[in-house]
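Read off the chains here:
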Amino acid sequence: QGHYDDALAGLARAEAIAVAQRDEPTLAVVKCNQALALSGRGDLRAALATYLAAVEYFERLGLKEPLATASNNIGRIYDEQGDATNALRWFQRAFETAQAAHRPVVAALAMSNSGLLLYNSVRSELPLAPDDQSPRAKQIRAAITQARDAFRLATDVFRSAGQKAV
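Residues numbered from 1 in each chain as written. Predicted model: local features only at pLDDT ≥ 70, side-chain atom pairs only at ≥ 80, totals over all residues. Heavy atoms only, no water.

1. As for the overall build of the protein chain
What counts, and what does not: A run of H or I in DSSP becomes a helix once it reaches four residues, and a run of E becomes a strand once it reaches two; helices and strands are each numbered from the N terminus. Three labels apply to residues, based on accessible area from a 1.4 Å probe with only protein chains included: buried if under 20% of the type maximum, exposed if over 50%, partly exposed otherwise in between. Any two residues whose heavy atoms approach within 4.5 Å are treated as being in contact. Computed with a 1.4 Å probe, the accessible areas rest on the Shrake-Rupley method; for each residue, only the protein chains presented here act as cover.
Helix and strand counts for the protein chain stand at seven helices and zero strands. When its helices and strands are written in sequence order, the protein chain yields α-α-α-α-α-α-α. Considering only C-alpha atoms, the protein chain reaches an extent of 65 × 35 × 25 Å along its principal axes. Evaluated residue by residue, the protein chain yields a buried proportion of 35% over its 166 residues. For the protein chain, restricting intrachain contacts to residue pairs at least 6 apart in sequence, the fraction spanning at least 24 positions comes to 50%. When the accessible surface of the protein chain is split by element, carbon and sulfur atoms take 52% of a total near 9500 Å².

Written as structure tokens, this is what we have:
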């Protein structure tokens, strides 16, 4: 906890300087670092609010690369909070923004995060009996298919960028 508090104190000083200098790009990056420290400290609500503030700056400034990363991190926070709908929405946004910014690694990470969320949401209910055609079994199979598609897309993006798929 102490290291996060120290980091946040230093980042508060950096924020004050960026505000005094009206340096919005630096302020947005400081916000992301504050959100990261807040998340590490376990304060997910404050981290989410801080990432959302950074996203507003990145959008206004047209900075797609950090916007993609911040969007992915917002998805991860929503995932940690158990909000799969918002997590998937932000992972998709991160993927699209990263693709537009020609940041294939961030795009692939966002898709991989989507796949993990979908798979983990049904993992405890596996394996299914092959003849199970219940509505829940159909939902589980659909989630597994979506997860597989997300992992394949992430792999394709890595490969197209010349990166080794993980």
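Still more to cover.
2. Details of the environment of V106
Secondary-structure assignment places V106 in helix 6 (residues 104-122). The exposure class of V106 is buried, given its relative accessible area of 14%. In this structure the C-alpha to C-alpha distance between V106 and E65, which are 41 residues apart in sequence, comes to 8.7 Å. Beyond its immediate sequence surroundings of up to four residues, V106 is in contact with A68, T69 and A98.

From the geometry alone we can't say anything about function, so treat these as descriptive.
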